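Observations on the three-dimensional arrangement
Each chain is listed here by its residues.
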Amino acid sequence: MEINHIKITHLHGIGSQKAEILRREINVISLKDMIYYFPYKYIDRSKIFKISDIKNKTTYIQLKGKILHYKYEGKGNSKRLTAIFNDNTGNIKLIWFKKFSHIPYLYKIGIEYILFGKQNLFKKQITIIHPKLELKNKFHEKKLGIHGQYNTTEKMKKVTLHSHAIKQIIIQILDSTKIQETLNNEIINDYNLINLDEAIRNIHFPKSNDLLEKAKYRLKFEELFYLQLNILSVTKNREKHLSGFFFKRVGNYFNNFYKKNLPFELTNAQKKVIREIRHDTNKGKQMNRLLQGDVGSGKTLVALLSILLAIDNGFQGSIMVPTEILALQHYESISHLVKNLNIKVALLTGSTKRKNREEILQKLKNGEIQILIGTHTLIEDKVKFDNLGLVVIDEQHRFGVIQRSKLWDKNKISPHILVMTATPIPRTLAMTIYGDLNISIIDELPYGRKPVKTFHIYEKKKHELYNFIRKQLQIGKQIYIVYPIIENSEKIDLNNVKEGFNTIKNIFPEYNICMIHGKMKQEEKNTEIKKFISGSTQIMVATSVIEVGINIPNASIIIIENADRFGLSQLHQLRGRVGRSSEQSLCFLVTPSKLSNNAYKRLNVITKINNGFVIAEEDLKLRGSGSIDGTKQSGYILHMKIANLSQDEQILIRARNLAIKILNSDPTLENPQNILLKQQLDQQNLKYQTELARIS
Ligand code: ADP
Ligand code: MG
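Everything numeric here is computed off the predicted structure, so don't read it as measured data.

We now examine the overall build of the protein. Along the backbone of the protein there are 24 helices and 21 strands. C-alpha atoms of the protein, sized along the principal axes, occupy 95 × 75 × 45 Å. Per-residue burial over the protein gives 53% buried out of 696 residues. Across the protein, the fraction of contacts at a sequence separation of at least 24, relative to all contacts at a separation of at least 6, is 73%. Of the accessible surface of the protein, which amounts to about 33900 Å², a share of 50% is contributed by carbon and sulfur atoms.

This is the structure:
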């Protein structure tokens, strides 16, 4: 029987309780799942170092030698035990800070020990803190090797499933099984891979560092290859089956708008994207295009022009956005842009009043409304179009894959889909989660924009910042101040928007201030936003609800309180609220003086880099792919066990090219030589679907 059909309870020592914990905590059900649960790190005890060879770099070291003498240092709370350890090539200092009273009795002077521990620099001297010592005579040679460590959760530890126990389970499986190959010989040879059985054994119990690297490579390659084969075969099949509407002509709506209403010259990047969309919609196939463009790059206009193309061909168009504020804003700006063109635009959100809603639904169905703008209410079954031809999904990272696909069913033939995002996704990630989309990129900002200047300011210097702000207000600037939370709870003590509002009112009594946060009613939010747009308030105090899409060009300064609390892409989005005119805009990131290492790195990136694409790459490096916005719902990413999209780009590209080559010659994988690939793919698909079901 194949190991993916054998349940983990089949093993000695795994009863139903442990099995249930394994399933819930790490999604392990079968023996195969278990052996695909890889160590998260390795402790290298393959080598015994000489003290004279130790460099500052190697972190964990293993030594063979004797303790020469002990000594107590420090007083009171900082009292510690130290020892000098000698191996005939030199001395190294050992330190115990805690529980040291028994140590001199346990480890005797002059006897040979094998020592293992982590190097530290303590008072500029290389030391080993709390080392592990074992009598040389009793030391098992077996311990000389590379040892994998497994991640375990609290719940697992409670039922004694700690790292060592996982290791024992895996030994039990590997002792009785030979792992069947999942790749063709030809691929294994061409790509210089080791076979699967060897790879699995060495990923858990590496025979050498070299074999460990080869095992990792083989497993990453396999993982990325099947991922790509999966994504690309889905795309190929869809292209074959899904016909789409023909937008045959560019007509009066588009042309009149272009000639009479276009408020500015399009950037070259905007023009390029319009051409791509024009091309896609003129093929008789459904368009599925992702438009990535940095904040402020002018995506709304591209959306509108594509919709005008749909209207010219007798279709309706629709824009779906993640928040009501953004829906309202799009509604207003688009209504304004198409004035005099005799186009009916409507707004539909959760707070649209019933009577109004019914009228809209009616007019949508009979085709009177040509452009519908709204929130995810658009997906509801009640919303029926007369003839929907194109859907734009703005700020797509806020929606899931599933929501996107629901829009497909809004017409007999699926409408064309344009998804837009200002949170650019690194290329490797895009290939993986949006492998089924074509990608357009707007890589230039409208003419005359100046990059936002960004400064990191410590809280204690805030009064200087306020002095500066006062001068800016005096010359007519508008300012956003963003807080991480709405109000304080017992758990978190951060600057919050409600207190912030009062503080700011006291500091700037001569100016008008408005406030907006997620707990306010939609109508209140709208009124506050309108006050700011009209200029009747000069300062807007807000939470990150303003993060997506808000476009108020006159506001040119943004202050972000507790900036260390925000992620990189969020900071970039927030900063994107300014820099929307030809004015020099400024962004101030305020933080306490004590910062975590990671927060410090984020602030460093955001103050130095303005390009959203580069920031996205940095974000991926700092956080790993699983946590990037919009990827949480991607079953593909969840499924990844070993490959790392920020580090394994080269492997990804090789694996992808191989998948493309194979699918080009055998799109449905029916050739006899591809049987193995087809089987693997079907098996993985099954798993992928169950995982999607788990998260949705
Ligand atoms: P985003 O890509 O972030 O959605 P928007 O579509 O909101 O950006 O556009 C940002 C601002 O730039 C808007 O005020 C818009 O009117 C303006 N804009 C868009 N295209 C151009 C252009 N080609 N030239 C000048 N300004 C433009
Ligand atoms: Mg936008």
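Attention now goes to the nonpolar core. Membership of the largest hydrophobic core comes to 42 residues, with the highest contact counts inside it found for Phe257 and Ile371. Where this core is concerned, the elements lending two or more residues are helix H9 (252-261), helix H10 (268-280), helix H11 (299-312), helix H12 (324-337), strand S11 (345-348), strand S12 (371-374), strand S13 (388-393) and strand S14 (416-421). It is H11 that provides the largest number of residues to this core, a total of 10 residues. With near-sequence residues (within four places) excluded, Ile371 lies in contact with Leu304, Ile307, Ile311, Gly317, Ile334, Ile343, Lys344, Val345 and Ala346.

Next up on the list: the domain arrangement of the protein. Interface size, as often reported, equals the accessible area lost upon joining of the parts. When the domains of the protein are assigned, the result is domain 1 (1-46 + 162-177), domain 2 (48-144), domain 3 (252-442) and domain 4 (453-609). The gap between the C-alpha centroids of domain 1 and domain 3 is 48 Å.

With respect to spatial proximity, 16 residues lie near ligand 1, and among them Glu265, Gly296, Lys299, Thr300 and Arg449 are the closest. Within the side chain of Asn551, one N or O atom sits 2.9 Å away from an oxygen atom of ligand 1. For ligand 1, whose unbound accessible area comes to 560 Å², protein coverage reaches 85%. Residue composition of the shell around ligand 1, by class: 4 nonpolar, 7 polar and 5 charged.

Let us now look at the packing of H11 against H12. Orientation of H11 relative to H12, taken along the N-to-C sense of each, is 60 degrees, at an axis distance of 11 Å. Considering their axes alone, H11 and H12 lie oblique with respect to each other. Crossing angle aside, the handedness with which H11 passes H12 is right-handed. Residue-level inspection shows Thr300, Leu301 and Leu304 of H11 in contact with H12, the latter providing His330, Ile334 and Leu337. For the contact of H11 with H12, the residue count by class is 4 nonpolar, 2 polar and no charged.

One way to put it is that H12 packs onto helix H18 (residues 522-534) with a least axis distance of 10 Å and a crossing angle of 50 degrees. Overall, the two elements H12 and H18 adopt an arrangement that is oblique. The way H12 lies across H18 gives a crossing that is right-handed. Two secondary-structure elements touch here, H12 through Glu324, Ile325, Leu328 and Glu332 and H18 through Gln522, Lys525, Asn526, Ile529 and Lys530. Classifying every residue of the contact of H12 with H18 gives 3 nonpolar, 2 polar and 4 charged.

Further remarks concern the sheet that holds S14. On the basis of which strands lie adjacent, the open sheet formed by 7 strands has the order S11-S12-S10-S13-S14-S9-S15 and parallel pairing. On the outer flanks of this sheet lie S11 and strand S15 (438-442), each paired with one strand and no other. Between one strand axis and the next, the sheet turns by 20 degrees as a mean value, whatever way the strands run. Of the strand pairs in this sheet, strand S9 (residues 288-293) and S15 are connected by 5 bridges, and their pairing is parallel. Bridge pairing in S15 links Leu291 to Ser440.

In total, this model carries 0 disulfides according to the counting rule given. Among the cysteines around Cys514, which has no disulfide bond, Cys587 carries the closest sulfur, lying 18 Å off. A relative accessible area of 0% places Cys514 in the buried class. What makes Cys587 buried here is its relative accessible area of 1%.

Estimated volume of the second largest pocket: approximately 950 Å³. Taken together, 35 residues form the lining of the second largest pocket, with Phe264, Gly298, Thr300, Asn551 and Arg580 sitting closest to its centre. Element by element, the count of residues in the lining of the second largest pocket is highest for H12, at 6 residues. In terms of residue class, the lining of the second largest pocket is built from 12 nonpolar, 15 polar and 8 charged. A domain-level breakdown of the lining of the second largest pocket finds at least three residues from each of domain 3 (252-442) and domain 4 (453-609).

Phi at His130 takes a positive value of approximately 45 degrees, unusual for a residue other than glycine. Within the element layout of this structure, His130 appears in the loop between strand S6 (125-129) and strand S7 (132-135). Positive phi, close to 60 degrees, is recorded for Asn192, a residue that is not glycine. Positionally, Asn192 belongs in the loop between helix H6 (185-190) and helix H7 (196-204).

Looking now at the side chain of Ser318. For Ser318, the position within the fold is in strand S10 (residues 316-320). Within polar-contact distance, the side chain of Ser318 engages the backbone oxygen of Leu372 at 3.0 Å. Ignoring sequence-local partners within four residues, the contact set of Ser318 consists of Ile307, Leu372, Leu378, Phe385, Leu388, Leu390, Val391 and Val392.

With that settled, consider the sheet that holds strand S17 (residues 478-482). Spatially, S16-S21-S20-S17-S19-S18 is the arrangement adopted by the 6 strands of the open sheet, whose pairing is parallel. Each end of this open sheet is capped by a strand with a single partner; those strands are strand S16 (453-458) and strand S18 (513-516). Across this sheet, the average inter-strand angle for adjacent strands is 20 degrees, counted without regard to direction. Examined bridge by bridge, S17 and strand S19 (residues 539-542) share 4 bridges and lie parallel to one another. Paired with Ile479 across the strands is Ile539, a residue of S19. Most of the contacts of helix H16 (residues 462-474) go to strand S21 (residues 586-591), to which it runs at about 155 degrees, and overall it touches S16, S17, S19, strand S20 (555-560) and S21. Running over the sheet, H18 touches S17, S18, S19 and S20 and is turned about 140 degrees from S18.

With that out of the way, let us pick up the side chain of His572. Inspection of the secondary structure puts His572 in helix H19 (residues 568-575). Classification of His572 by relative accessible area gives buried; the value is 5%. Those residues in contact with His572, other than ones at most four positions away along the chain, are Asp294, Val295, Ile606, Asn610, Gly612 and Ile615.

The rules behind these values
- Residues numbered from 1 in each chain as written.
- Chains lettered and ligands numbered in written order.
- Predicted model: local features only at pLDDT ≥ 70, side-chain atom pairs only at ≥ 80, totals over all residues.
- Heavy atoms only, no water.
- Helix = DSSP H or I, 4+ residues; strand = E, 2+ residues; numbered from the N terminus.
- Buried < 20%, exposed > 50% of the residue type's maximum accessible area, 1.4 Å probe, protein only.
- Contact = heavy atoms within 4.5 Å.
- Areas by Shrake-Rupley, 256 points an atom, 1.4 Å probe, with all protein chains shown as cover.
- Core = buried A, V, L, I, M, F, W, Y, C linked by side-chain atoms within 4.5 Å.
- Domains from an automatic or database assignment.
- Near = heavy atom within 4 Å.
- Polar contact = N/O pair within 3.5 Å; in protein donor to acceptor, adjacent residues only side chain to side chain.
- Nonpolar A, V, L, I, M, F, W, Y, C, P; charged D, E, K, R; others polar.
- Axes fitted to C-alpha atoms, helices over the stretch in contact; angles between N-to-C directions.
- Parallel < 35°, antiparallel > 145°, perpendicular 65-115°, else oblique.
- Left-handed = near helix turned anticlockwise from the far one by under 90°.
- Pairing = 2+ DSSP bridges.
- Disulfide = S-S within 2.5 Å.
- 1 Å grid on protein atoms, 1.4 Å probe; cavity = no way out; pocket = protein on both sides within 12 Å on 5 of 7 lines; lining within 4 Å.
- Points joined across faces, edges and corners; volume = space filled by probe spheres on them.

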